[in-house]
Every structure is written in C-alpha cells, then in structure tokens.
Amino acid sequence: MKRILACLLAALLLGTAAVAEGTTITYMASQDWVQDAEMELGEKFEQETGIHVDYQIIPSDQYNNMLMNKLNSGECTDIFGSQAGQFDIVTQLNVEKNAVDLSGEAWAETVDPLAFAETSVDGKLYGQPVQDVSAVWAVAYNKQVFDKLGLSVPTNYEEFKAVCEAIKADGMTPIYEAVSDGWHHQLWFCELGVAIEHAEPGTAEKLNNNEMGFADSATAAQLVDQIKEMVDLGYWGDDYMSNEYANAAKAIASGECAMTVANQGFPTEINAAFPDFPAEDIGFFVMPLCDNQVLNMNPVGPTRFIYSGSANIDAAKQYLAFIAEPENLQYLIDNVPKFNTLPFTTVTDAYSDEISGFYAAYPDHGTVYQTSVKYVNPQWMEIGKELTAVLLGDETTEQMLKNIDRNRADQAAAAQDPAWN
Amino acid sequence: MNKNRMYPTWFIFGALLLYVVLYVLPSVMGIGYSFTDWSVYSQDVHFVGLKNFQTVFSADYNYNRMLGNTFLFTIVTTLAKNVIGLALAVLLTKKVKLLNFHRAVMYLPCVLSALIVGMIFKAVLNPKIGLLNTALRAIGLDALAKNWLTDSKIAFNSVMAVDIWKGMGYIMTILIAGIMSISPTYYEAAEIDGGNAWQCFRHITLPLLTPTLTVTTVLNVIYGLKVFDTVYALTNGGPGYATEVLYTGVYKEFGLGRYAVGTTLSSIMTVVMLIVGYFMIKHMVQGGGGEA
C-alpha cells in the first residue's frame, strides 16, 4: 500500500513539475491585430523557450469595453493589445499603473522615434508597436481615368473641384464614400487636422490645454463646409449614405467611381480582388481640402502592453523581445501583405516605387488630430454621426463643432483632466 | 389533491433570494450609480448628486430627442400593431381557405430574431439595389423610390414600419385567442336581430375584446419603451441622430465609457416603465380584467 501511495505521490510531483516548465502567457487583442505570421512566430517562440502563447482574439466592436473592464477589475491578460497615443495611453489605459515599463528592454532603443513618443509617458516606454504605421489615409485615384480625361493631381481645393467636375461630366461618380459604416467619412475631417495645424499653428496645443475649441477654428469650419460642398455638388454620388467601404475596391475597379479615401494597402487589395486591375493603376494624393499639401501621418497603431498585474512578466518580456528580433520583424513584413514596414530602425521596408514616390511628393508632415489632440479618437463614431447630421442638413457646421467640443469636455471631466477642471 | 394542504412560508425564500440578488439589487445599484461619476476613466466613484440627470435633460445634448423618439415609437407601433393585428385577427377567424397557413404566415416574422429582420430589411430597403426600390422602379413608380433608411426625414418611419411588420403577427395571435373565446351565441343573437358585420364588430367583438386589447397594449408599450435591437440592426441610431432611441443612447454611453450617464438613462426609463405599468395594471384590474 505504501508503495502505491509513493508511486501516486511521485506521479503527482512529476505532473506538477511538467506544468511549471511549460509556462503559458495570455495575449488578448482585437480582431485583425494578431496576424497569422505572428502566430507562426509564436510557435517558433514556444519551441525555443517552452513558453506557450495563448492568443485571445476579441471582435473589434467589443474589444475596448472588454479591455477596460478587465483593466479596471484587475483581471487582465499577461499581454494586452490597445491603440497607443500619447494621451489615450494615460487617460484611458493609465499605463503608468496598468502596464510594465519596457524602457530597459534591449529592443526599446530600436523603436522608431515617432512611434516611441506615442507609446511612452515621460520618456518611459510602455508599449511595443504591432503594425505598420507608415500608411496614411489619402485619396486613391484611378490613373487610367485621370489619363483619359487629361487630369493631373490636384494641389488645392479649387483644382480638386475641377477634377471632380471633369469626372462627373464624364458620367462617373468622382468619389466613392461610405457613410453607412460609420467610421470612414470622418477621415476627411480628423485626418485633415494637419491642415488646421498648418493654417493655424499651435491649435493642437491650445485644444489640449482647453484654451480653444474646434468651434473657434475657422479652418475646422471651412473643412466641414467643404466636405458638405462636395456632397451638395454630387461628388460623392447619390448612394454615399448607403455605400459600404468593403465595396470600395469594386467601385473603383468597375469604373463606377474614380477616387476613394484609402491607405497604401489599397492597390494590393484591389488587385487581389480584381486581378485584371493592376495595382500600379492606383495613385495617391493627399486630401486637398483647405488647400492641404501636408502628409497626414498617424504614428499610432495597435500596440502590445504587458499587464503590470501579470504573474508572468518575465515570460511576456521574452515574447516581446523575440518578436522584436530583426529577422522576426522582417518575417512579419515579408509575410503580412498590408505591412510595408514596421516602426523599428532595424527593418528594411518593402515600399513599391509608386508608394515611395507618393510619400516623397509631400515633404511636409503633420500628425493627425485623432492622435495629437486629446479626446478626439475616443469619440470617433460620434464625430461620424455629427458629420452625417451636417451632410443631411440636420445640423449646422457650428453645431457640429460645438458638439465635438462638448463631448471632449465631458470626457476630460470624467478623466479629471486638470485643463478642464 | 388535499385542498387544505399548506406549504411553509419559508419555501418562498429561495425564489425571493434569486429575485432580490439578480433583479432588485442590480436595479437599485443601477439607480444608485446614476448619482455618481462612474466612468471608464477612473476607478474611483464619487457622488455627484443630480448632475447626470441635468446632463440628460439638458437641451445641449440629444437625449431629449432620444426620449421623444422612444415615446413616438411606443405610441405609433402600439397603435399600429393593435389596429392591424385586430384587423388580421378578425379576418383570420372567419371561414377563409388555408386559414392556418395564413395565420402561420402572419405569425412568422415574430419568430425571427430582430437582428436577422434588421439585416434583411437593410438589404430590402437599400436605395440602390434594394428589393423595394427595384420593384417600384420596375412598375414605373420611380418617384416613390426613396432613401428609406438614409434620409433623416424618412428613416424613423421606416424603422417603425419594420417593427410593426415584425410584431403585428404576435398581437394578431393573442387577439385571435381573445375572439375565439367570445361565445358564438352573441353573434347568433345579433344575426337574428338583423345586425350586420360592422355592428357585430362594434357592439360585440370590440367590447368583449377590450381586456385582451389591454394586455396587448401593455405588452406593446413596455416593448416600445425598451426597444433597441430593431433600431440598432437597421440604422444604429442614424443617419446622424435621426433614429436614436433611449437604449441606443445607453449603448453608446457605455461604449464611450460614461457608465454613470448610461445608468441614468436606464434609471429614467425604469421609472417611466414602472409608472406606465402601474397605471395600466391598475386599469386592467379596475376596468375589465375580469370580463372576456
């Protein structure tokens, strides 16, 4: 009997030892933030270290609420994904409390300076960028249409209107815009924060210090007015309210529309869906409302953070270090079609000549307002609703801008922002 | 069965405990949170008095519009479902060929999920490729082809119409049961006295159906006040804020992390429903709840 008990005890101890060897770290992220290539790297990581990575992918519309609830209840996963942004990581994520300081990691100094600034607080790095943040939202146009009509890339709003008129006169809808998704049409406003900043330097800082509101900016009002003018002149077509962005590639490839607002993954996407349409036939120019010629950069994207309450902080750090190894970053660039580069100084980009030419054509760069201005990104969908109300004539430009300011003030008050309290 | 058999009172405690823990306590806590600044931004919760109620009733926000839309939705859909449901019930208690088939067809929409109905009608009402506009154009009625869900002046009517279509079969079924419980002798007597169909309906069916209509009205009013899924699936409150109702507002507030404002809206609607429910039940008990 004693022998049997001893055997059982030994078996139990062996089993316990095996579990201790194979640590599992949990990583929660929104849909589309963890690519297949990263999971393949995760398997390689497990082979090398014996640490298993449990990827927990959450539908995007539920993710933010779930993350906030987990952080606030102290039950978060070892690694969590979240959009970065120098303001949002403080006001929403409270990274100084909820995340681990990664400044001492060897890879920290290889993070691109712009991305570093958006993932750090007081010089301390708290996150590791996940995706390519070099792509910008710009007007993607069908070069064949432009060539046929003898059009050239517009450099101001009047030229843009002339281009739209020529396309419309030819029987095409100039711009494919999709309002029904609720997230796309406000790009014309938020991305062009760079135009506001160019025309009224220091606006972002004043907005962040609560020294002015969007309603006080003449350029912001002009932007909204010009968006409405585009709609009223029929440049968005008759069906912009019911269009869905998923059909943008089809609308361009079929010749129904000539332009849409897209990022630099669009040519690959359109060619993949419609092989007869060459990716090279898509060109880009910045949205020229308010005569904008500044490239609208957004150095913020999904970011990995290590939860400060994790019991596996060292294992999580090992995973981040593994991902940041140059050959693994390059593996991601080479195997994820929408990645042209990653925000690390150790990688080689995979830009096409067309895309490189587009970036080179706009030497002036600015940061979009959903990143550089506090409390804009969290009300993204609300801004879309406000803009829709303006387009439909249910609201004035002034009301829209005042409502955005009011929503920002509400969020600032909830966050106990000293500039508002 | 022994009619004098009495069960101990404490048998009720199990069910009562569940009711208190799962319903009463969260409701009271929800109302309590309406007086705080509970939000996603801070783990600390502070008492703020009536500030959230001031926000909700302030003209600067869209909440008054949401409340107005909710009441409009409740009134219109309750009236329409009762009227159409009653007409169908009267029709489908007559001798009609394939009677059960017709009843099943009319009842069918209410067994569908509101989200599925929303997706179907979103496709049907698409202004460009939707079935409705395509059919209208095909028969030369182009002028009637509208932006059903994307025109802010029409969208709320479209949402209400879809909800009426979905819910009228359910009301019809309840009213059919009510009509069938009316003794045929009333109609036989009326026929002997020379009463026509309208007089039979006006003086027999309608009065004897009043208790059933009260029940369907209560059900519709409570459903209307807490409507969310149909609106969410069809328009998500848009275009702009044209079809926002109270619970799409609650959903939005929670999405923005303003939990206290969300619970304030819920608390207001709980109070409204309690008041409406109280008077309706009182009317049922006093009015004619015993007849039929």
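Data block above holds the structure.
The structure displayed is predicted, hence computed values, not measured ones.

Trainee: Sorry if this is basic, but what is going on with the overall build of chain B here?
Mentor: Looking only at helices and strands, one finds 12 helices and zero strands in chain B. Order of helices (α) and strands (β) in chain B, N terminus to C terminus: α-α-α-α-α-α-α-α-α-α-α-α. By principal-axis analysis of the C-alpha atoms, chain B measures approximately 75 × 75 × 30 Å. By the burial criterion, 43% of the 292 residues in chain B qualify as buried.

Trainee: What should I look at first to understand the interface of chain A and chain B in this one?
Mentor: Many analyses report the size of an interface as the accessible area lost when the parts associate. Contacts between the two partners involve 30 residues from chain A and, on the opposite side, 27 residues from chain B. Of the roughly 2,500 Å² buried between chain A and chain B on both sides combined, carbon and sulfur atoms contribute 43%. Of all residues in chain A, A:N72, A:K385 and A:R406 bury the most surface against chain B, accounting for 21% of the area lost on that side. Inspection of the chain A/chain B interface yields five salt bridges. Here A:K385 and B:E244 are joined by a salt bridge, their closest N and O atoms 3.1 Å apart. Run the count over chain A and chain B and you get nine residue pairs in polar contact (both at pLDDT 80 or more). In terms of residue count, the dominant contributor to the side of chain A that touches chain B is helix α20 (residues 397-414) of chain A (six residues).

Trainee: Teacher, can you tell me more about the packing of aromatic side chains here?
Mentor: Any two aromatic rings considered together are summarised by their centre-to-centre distance and by the angle between their planes. Under the criterion given, the structure shown has 38 aromatic pairs over all chains. Residues A:F160 and A:W188 carry aromatic rings whose centres are separated by 6.2 Å and whose planes lie at 40 degrees to one another, so their mutual orientation is tilted. On the criterion of sequence distance, the pair formed by A:F160 in helix α8 (residues 157-169) and A:W188 in helix α9 (residues 187-190) is long-range, its members being 28 residues apart. Taking 5.5 Å as the distance between ring centres and 50 degrees as the angle between the ring planes, the aromatic pair formed by B:F228 and B:Y251 counts as tilted.

Trainee: How should I be thinking about the sheet that holds strand β8 (residues 173-176) of chain A in this particular structure?
Mentor: In sheet architecture, strand pairing relies on hydrogen bonds along the backbone and comes in two forms, parallel and antiparallel. All names here are of chain A. The sheet built from four strands is open, its strands ordered β8-β9-β7-β10 with mixed pairing. What marks the edges here is a single partner per strand, and that holds for β8 and β10 (282-285). Averaged over all neighbouring strand pairs, the angle between strand axes comes to 25 degrees, with direction disregarded. In the sheet, β8 pairs with strand β9 (residues 257-262) via three bridges, with the strands oriented parallel. Across the sheet, the residue bridging to I175 is M259, located in β9. Across the sheet, helix α17 (residues 353-361) lies against β7 (138-142) and β10, angled at about 15 degrees from β10, the strand it touches most.

Trainee: I'm lost on the packing of helix α7 (residues 155-180) of chain B against helix α9 (residues 197-225) of chain B in this one. Help?
Mentor: Residues and elements named next belong to chain B. Axis separation between α7 and α9 bottoms out at 10 Å; the angle between their running directions is 145 degrees. In this structure, α7 meets α9 at a crossing whose hand is right-handed. Two secondary-structure elements touch here, α7 through D163, Y170, I171, I174, L175, G178 and I179 and α9 through T205, L209, T212, L213, T216, L219, N220 and Y223. The class makeup of the residues in the contact of α7 with α9 is nine nonpolar, five polar and one charged.

Trainee: Even after reading the chapter, I still don't get the state of the cysteines, so can you show me in this structure?
Mentor: Structurally, a disulfide amounts to a covalent bond that connects the sulfur atoms of two cysteines. Residues and elements named next belong to chain A. The full count for this structure, using the stated rule, is zero disulfides over all chains. Cysteine C164 remains unbridged, with the sulfur of C257 as its closest cysteine sulfur at 11 Å. Owing to a relative accessible area of 0%, C164 belongs among the buried residues under this scheme.

Calculation rules
- Residues numbered from 1 in each chain as written.
- Chains lettered and ligands numbered in written order.
- Predicted model: local features only at pLDDT ≥ 70, side-chain atom pairs only at ≥ 80, totals over all residues.
- Heavy atoms only, no water.
- Helix = DSSP H or I, 4+ residues; strand = E, 2+ residues; numbered from the N terminus.
- Buried < 20%, exposed > 50% of the residue type's maximum accessible area, 1.4 Å probe, protein only.
- Contact = heavy atoms within 4.5 Å.
- Buried area = accessible area lost by both parts, 1.4 Å probe.
- Salt bridge = Lys/Arg side-chain N within 4 Å of Asp/Glu carboxyl O.
- Polar contact = N/O pair within 3.5 Å; in protein donor to acceptor, adjacent residues only side chain to side chain.
- Phe/Tyr/Trp six-rings, centres within 6.5 Å; stacked < 30°, edge-to-face > 60°.
- Pairing = 2+ DSSP bridges.
- Axes fitted to C-alpha atoms, helices over the stretch in contact; angles between N-to-C directions.
- Left-handed = near helix turned anticlockwise from the far one by under 90°.
- Nonpolar A, V, L, I, M, F, W, Y, C, P; charged D, E, K, R; others polar.
- Disulfide = S-S within 2.5 Å.

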